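Breakdown of the fold
For reference, the chains in residue letters:
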Amino acid sequence: MLELAPSILSADFSHLGQDIAQAEAGGAKWLHFDVMDGQYVPNISFGFPVLSSVRKCCDLFLDVHLMVEHPEKFIELAAANGADMITVHAESCVHLDRIIHAIHEQGCKAGVALNPATPISVLEYVLPMLDMVLIMTVNPGYGGQSYIPYCTEKLQTLRQRIDKLDKEILIEVDGGVSEKTIPTIVKAGANVLVAGSAVFKDDITQNTEKLFVKMKESCL
Ligand code: DX5
Ligand code: ZN
């Protein structure tokens, strides 16, 4: 499986519905939704009222990335407002095992995100419980940053670990995804590519289509 998840962090919120519709017209099936609290990351984005509105305006798979302290407080809200996948940061969870169960109990898919400096080994015991691992390839908090090259090796190592398990666990890459970095990311074994600034500028439909073409070419 190989999907693109346009990140609405880079959209124009004065016409968010139109921007999403244009990404959908370009072939997007997922939508990435970055919740930032100004505590876990040095920025505030948007929250669950926006998620609820987006849920009503599209049928896309809603991929909610919680960049917040105490993410356990927000699982029920995220699920009730339309999340299909909820991803929490390993670094912000005191009881990671408990929160993964809580996400599944809400009927959502569960993902765990790792910042660039966090080793994969923190997932050793919980990996088989997960539906997705999100590898941050920039430091979280802002769109438009450059892909951190050392993350490629981390992706390759994670791909090898997952392939040894008897379960499909998706690898999502978030940060600095562009036509330039897609070949490296896809060849390293990623399944879901988050793209904010590469999608939401100028012609959104055309940008989305171009990124899909590059992703398919990179598999050959
Ligand atoms: C960064 C966010 C990303 C962001 C990516 O903290 O988690 O989802 O939207 O933006 P680009 O694709 O511009 O690097
Ligand atoms: Zn994100």
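The paragraphs below set out a description of the structure included in this document.

**Some points on the sheet that holds strand S7 (residues 170-174)**
The strand order across the open sheet built from 8 strands is S1-S8-S7-S6-S5-S4-S3-S2, with neighbouring strands paired in parallel fashion. Edge positions in the sheet fall to strand S1 (3-6) and strand S2 (30-36), since each has one partner strand and no second. Taking the axes of each pair of neighbouring strands and ignoring which way they run, one obtains an average angle of 25° across the sheet. Across 5 bridges, the pairing between strand S6 (residues 132-136) and S7 is parallel. Paired with Met-136 across the bridge in S7 is Asp-174. Relative to the sheet, helix H7 (residues 204-219) contacts S1 and strand S8 (192-195), its axis offset from that of S1 by approximately 150°.

**Digging into the site of ligand 1**
Lining the immediate environment of ligand 1, one finds 20 residues, of which Ser-7, Asp-34, Gly-144, Asp-174 and Ser-197 sit closest. At 2.7 Å from an oxygen atom of ligand 1 is found a side-chain nitrogen or oxygen belonging to Asp-174. Between ligand 1 and Ser-197, the relevant distance is 2.6 Å, taken from an oxygen atom to a side-chain nitrogen or oxygen of the residue. If ligand 1 stood free it would expose 380 Å²; the protein chains cover 99% of that surface. At a threshold of 2 Å from the grid points, most atoms of ligand 1 map onto the largest pocket. Among the elements that make up the shell around ligand 1, the one with the highest residue count is S2 (3 residues). Split into classes, the residues belonging to the shell around ligand 1 amount to 8 nonpolar, 10 polar and 2 charged.

**Considering the packing of aromatic side chains**
Applying the stated criterion across every chain yields a total of 4 aromatic pairs. Look at Trp-30 and Phe-61: their rings are 4.4 Å apart centre to centre, the planes differ by 40°, and that puts the pair in the tilted class. In this pair, Trp-30 is assigned in strand S2 and Phe-61 in strand S3 (residues 61-67), connecting sequence segments 31 residues apart. Judged by relative accessible area, which is 23%, Phe-61 ranks as partly exposed. Look at Phe-33 and Phe-46: their rings are 4.7 Å apart centre to centre, the planes differ by 65°, and that puts the pair in the edge-to-face class. Separated by 13 residues along the polypeptide, Phe-33 in strand S2 and Phe-46 in the loop between S2 and helix H2 (48-57) bring together distant segments of the chain. Overall, the relative accessible area of 11% leaves Phe-46 in the buried class.

Quick notes on the rules
Residues numbered from 1 in each chain as written. Chains lettered and ligands numbered in written order. Predicted model: local features only at pLDDT ≥ 70, side-chain atom pairs only at ≥ 80, totals over all residues. Heavy atoms only, no water. Pairing = 2+ DSSP bridges. Helix = DSSP H or I, 4+ residues; strand = E, 2+ residues; numbered from the N terminus. Axes fitted to C-alpha atoms, helices over the stretch in contact; angles between N-to-C directions. Contact = heavy atoms within 4.5 Å. Near = heavy atom within 4 Å. Polar contact = N/O pair within 3.5 Å; in protein donor to acceptor, adjacent residues only side chain to side chain. Areas by Shrake-Rupley, 256 points an atom, 1.4 Å probe, with all protein chains shown as cover. 1 Å grid on protein atoms, 1.4 Å probe; cavity = no way out; pocket = protein on both sides within 12 Å on 5 of 7 lines; lining within 4 Å. Sits in = over half its atoms within 2 Å of the grid points. Nonpolar A, V, L, I, M, F, W, Y, C, P; charged D, E, K, R; others polar. Phe/Tyr/Trp six-rings, centres within 6.5 Å; stacked < 30°, edge-to-face > 60°. Buried < 20%, exposed > 50% of the residue type's maximum accessible area, 1.4 Å probe, protein only.

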